[in-house]
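# Structural characterization, general
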Amino acid sequence: VATLRLESVDLQSSRNNKEHHTQEMGVKRLTVRRGQPFYLRLSFSRPFQSQNDHITFVAETGPKPSELLGTRATFFLTRVQPGNVWSASDFTIDSNSLQVSLFTPANAVIGHYTLKIEISQGQGHSVTYPLGTFILLFNPWSPEDDVYLPSEILLQEYIMRDYGFVYKGHERFVTSWPWNYGQFEEDIIDICFEILNKSLYYLKNPAKDCSQRNDVVYVCRVVSAMINSNDDNGVLQGNWGEDYSKGVSPLEWNGSVAILQQWSARGGQPVKYGQCWVFASVMCTVMRCLGVPTRVVSNFRSAHNVDRNLTIDTYYDRNAEMLSTQKRDKIWNFHVWNECWMIRKDLPPGYNGWQVLDPTPQQTSSGLFCCGPASVKAIREGDVHLAYDTPFVYAEVNADEVIWLLGDGQAQEILAHNTSSIGKEISTKMVGSDQRQSITSSYKYPEGSPEERAVFMKASRKMLGPQRASLPFLDLLESGGLRDQPAQLQLHLARIPEWGQDLQLLLHIQRVPDSTHPRGPIRLVVRFCAQALLHGGGTQKPFWRHIVRMNLDFGKETQWPLLLPYSNYRNKLTDEKLIRVSGIAEVEETGRSMLVLKDICLEPPHLSIEVSERAEVGKALRVHVTLTNTLMVALSSCAMVLEGSGLINGQIAKDLGTLVAGHTLQIQLDLYPTKAGPRQLQVLISSNEVKEIKGYKDIFVTVAGAP
C-alpha cells in the first residue's frame, strides 16, 4: 500500500468558531472552547484505511510542553469519544479525505496551541505533519467547565455583550457611564495571553504557570494582579492626584480597547492613567474574552479598612472642616470591582457563583497587589476565613463609620456612629437592559436587621480575635446607639444643583425633647463649611464658610436658607464635581455638638446623540451630536472622542474649539458599521472647565442587504 501523506487540512474555523460562540473574534483563526468538540477535514494522498494507517494527534501549548504538566496531549483516532479527555473520534471517510471530531477536556489548559499529526503504517517509522494552530478558551456553555453558567440570557450579557455601563458618582446621585469593553476586537485575544505571559508567575516559572491555566481561580488572580502595574509591568498605572499631564486622565477613557492596544504596542509599558472603574472595566474585557462570565460592580461609600478593625474614623474640627488624617483608612465615594462566575472547588460546598475580584491596587495579597476571588456568599454570611481576601472585601461593604470632633489635636467627642453608612447601592448593569440593578442584598442582609448584626458580630470576632472582640467598643457596636440630641438638623437642596450656578440650600432644624433639656429653649451656633470632595473620600481646603446663630424653643422647627455662590467654588472643584457641605451646631447651654452633612453632585451639561436612519453593515450611518452649554462660562478647548466596537474601527477624535455660554454645538458625521447585532456608540466631550460630558446611543445594526 502506498504511503499515506497529508496533502491539506481544513480547520473549518468558520463553522467551528460559530458553534463555539467565538465568531465575533473573526473566522480567520480557529478559536474554540474547552469541553466541546470541533471538526477538521484532513485530505490525504489516498483513502485512509483505519486498519493499516495509524494517526496520532499531538496538541501542545506553553514554552515546555509536557504531558505531566497538562500542556501536551497525545491521542489516537477512536470510533467513540472516550469521556472528558483529549480525543479524536466520530470520523468519516470520504474518498481521500477524513472528517474528524476533536474533543478537549473541560479542564484543559487555556492558551495558544499547535496541533500536529504523526502518521505511521504497521510497524514502520512515522512522519509528522503540522495541522496548524488554535486558541482554547474557558467554556461557560459546558456543564463540565468550572465557569458553567446555565442561562443563555446571562451568557449573552456576561460573555457576548461588548459594551456596558459603569456606575459612578455618589450614593444619592448615581451616574451611569457607558463603556466599550470591545473583547472581540481583532487583537484583544492575543493581548489577553500577552498579559498572562508578562506576569511575575510566568517570568519566574513559565512551564508551571502555563500548566495552572486550566484553573479559573488561578487565572483570575493573575489577571487581577496584572491589570495594575504596582509590582509588575501591568496594564495600567494608577493616579489619584489631579495631575494627569504625563498621560490620559482616567475620566477621558471611553473603553478598554485603546488601553490594551497601547500597552501591547509599547512592549508592556503601563498605560497612564487608571482609577478603579478603569481597572475593573479593563479586567472585564480580559475575563469575558478568555471565556469567564464577568460583570462590573460599583460599591458606593466603600471602606478601605487597612487595620482590619471594621471601623473607619473621620474627623471634623469645631468650624465643621473635615480634616485630613495620617491614617490610611478611608471611605471612597464609590469603588468599582469585578464579579466573575465560577465553581469554587477550593472551598467547602455552598460558595459557588459570583466571586469578587478587584484589580485596583489597594493592598497586597500573597505578596502581590491583587484581590480575590472572594465568594459573594461568604461575604454575606460573614465567613471571612475563606480564601481569598474575604476580610478586606467584607470591610468594604460592612465597616462602621465613627465621626469624631477634634479639638486641640485630641478627639473630644463622638459626633456620629453610623452602622449603615458604608456599602450602599451596590450596583451593576441589568441583564438585557440599560438600567441599573441594585445587588446590595446579595452582599448583606438588610441594614439593622437581626441577621445583619449577627453576621457583623461573627465577622468581627473572626477578624479582631477573641481578646479584642471583648472591647467596650464592640459593646458600643452591639448597642448601635449614641446619646440623644436636643435637636435634629437636616440640609436640603432648594433646587437641582447645576455646575456654573449658585447653589441654594435649606437648613431644617427641629427641637426635640432630650434628657438634659427636657423642655426649655436652646441657643445654637451653627458653623458651616464647604469643601471639594475627592473620589478617595478626602477633602480639599474649605472654599466657603458661614455662621448661623439662633434660639430654638421647645417643639418648634425652623428653616434657614443658605447660598453658596458659584464664584466660591468656580476653580476649587476636582474633576468629580462633588461638594461636601458640613455644619456643626454647638449647644451653648452644654457645649455639646451636633453634625449635619450634605454631599452635592453637580450636573454637567447634557449631550444628545441621534441617528437618522436604519444601521446596516458597510453602509453610511449619519450621526448627529448636539451639546448646549448651560453654564455661565464658556467651555474652552473642547474635544470629542467617539468609540464603539462594530461601529468604529478604533476611535474618531475631533477638536471643537470654544463653546460660548448659552450656545449650542451641532456635529454631523458618518459611520460605517462593520458588525451586525446590538452595538453602542460612546461619545465623550471634554473641555478645560468640565472634563467629561458623556453620552451614548444604542444602535442595532442589520446584516448587509437584509430586507
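Residues numbered from 1 in each chain as written. Predicted model: local features only at pLDDT ≥ 70, side-chain atom pairs only at ≥ 80, totals over all residues. Heavy atoms only, no water.

### Details of the sheet that holds strand E15 (residues 311-316)
In plain terms, the rule: A pair of strands counts as paired when DSSP detects no fewer than two bridges linking them. Helix numbering and strand numbering both begin at the N terminus, where a helix is a DSSP run of H or I of at least 4 residues and a strand a DSSP run of E of at least 2. Lines fitted to the C-alpha atoms define the axes, with helices restricted to the stretch that makes contact. Angles between their N-to-C directions range from 0 to 180 degrees.
The three strands are arranged E15-E19-E20 in an open sheet whose pairing can be described as mixed. Looking at strand neighbours, the two that pair on one side only are E15 and strand E20 (410-418), the edges of this open sheet. Pairs of neighbouring strands in the sheet enclose a mean axial angle of 30°, with direction left out of account. With six bridges joining them, E15 and strand E19 (residues 400-407) adopt parallel strand pairing. Across the sheet, Tyr 316 pairs through a bridge with Leu 405, a residue of E19.

### Regarding the pairing of strand E6 (residues 87-94)
Sheet analysis places E6 next to strand E7 (residues 97-103), joined by six bridges and oriented antiparallel. Residue pairing across strands places Ser 89 opposite Ser 101, the latter belonging to E7. Here E6 hands over to E7 after two residues, with Ser 95 in that stretch at a positive phi of 45°.

### Some remarks on the nonpolar core
The cut-off we apply is this: Only buried residues count toward a nonpolar core. Its members are Ala, Val, Leu, Ile, Met, Phe, Trp, Tyr and Cys residues joined through side-chain atoms within 4.5 Å. For every residue, the accessible area (1.4 Å probe, protein chains only) is compared with the maximum for its type, and the residue is labelled buried under 20%, exposed over 50%, or partly exposed between those bounds. Marked domain ranges trace back to an automatic or database domain assignment. Whether two residues are in contact is decided by their heavy atoms: any pair within 4.5 Å suffices.
Membership of the largest hydrophobic core comes to 88 residues, with the highest contact counts inside it found for Trp 277 and Tyr 443. Broken down by element, this core gets its largest block of residues, 12 residues, from helix H8 (residues 276-290). Among the domains, domain 1 (6-137) and domain 2 (152-461) are the pair contributing at least three residues each to this core. Apart from residues no more than four positions distant in its own chain, Tyr 443 is found in contact with Val 297, Trp 337, Glu 339, Val 356, Val 376, Ile 379, Arg 380, Val 397 and Ile 426. If you look at the next biggest cluster of nonpolar residues, it comprises 60 residues, including Trp 499, Met 594, Val 596 and Ile 609.

### Comments concerning the UniProt feature "domain: Transglutaminase-like" (unreviewed entry) in the protein
Note the cut-off: UniProt positions are given in the numbering used here, feature names are shortened, and annotations may be inferred rather than shown by experiment.
Those places that UniProt annotates as "domain: Transglutaminase-like" (unreviewed entry) correspond, in this numbering, to residues 268-361. For the annotated span residues 268-361, helix accounts for 16% and strand for 41% of the residues, and the straight-line distance between the end C-alpha atoms is 18 Å.

### Looking at the packing of helix H3 (residues 188-197) against helix H7 (residues 257-265)
Short version of the rule: The labels follow the angle: roughly parallel below 35 degrees, roughly antiparallel above 145, roughly perpendicular from 65 to 115, and oblique for the rest. The hand of a helix crossing depends on one turn: near helix anticlockwise from the far one by less than a right angle means left-handed, and clockwise means right-handed. By the convention adopted, Pro, Cys, Tyr, Trp, Phe, Met, Ile, Leu, Val and Ala count as nonpolar, Lys, Arg, Asp and Glu as charged, and the other residues, Gly among them, as polar.
Where H3 contacts H7, the axes come no closer than 10 Å and their chain directions differ by 60°. It follows from the interaxial angle that H3 and H7 lie oblique. By crossing handedness, the relation of H3 to H7 is classed as left-handed. Residue-level contacts link Ile 188, Ile 191, Glu 194 and Ile 195 of H3 to Val 257, Leu 260, Gln 261, Trp 263 and Ser 264 of H7. When its residues are assigned to classes, the contact of H3 with H7 shows six nonpolar, two polar and one charged.

### Side note on the environment of Ile 259
Mapped onto the secondary structure, Ile 259 falls in helix H7. Owing to a relative accessible area of 0%, Ile 259 belongs among the buried residues under this scheme. When near neighbours in sequence (up to four residues on either side) are disregarded, Ile 259 contacts Trp 179, Val 235, Leu 236, Trp 253, Val 271, Val 278 and Val 282.

### Points about the UniProt feature "binding site: Ca(2+)" (unreviewed entry) in the protein
In this structure's numbering, the residues bearing the UniProt feature "binding site: Ca(2+)" (unreviewed entry) are Asn 398, Asp 400, Glu 447 and Glu 452. In three dimensions, the annotated residues from a span of 55 residues occupy one location, with a maximal C-alpha spread of 12.6 Å. Relative to the elements of secondary structure, Asn 398 occurs in helix H10 (residues 390-398). Given the relative accessible area of 5%, Asn 398 is considered buried. In this structure, Asn 398 is in contact with Ile 422, Lys 444 and Phe 456, ignoring residues within four places of it in sequence. In this structure, Asp 400 sits in strand E19.

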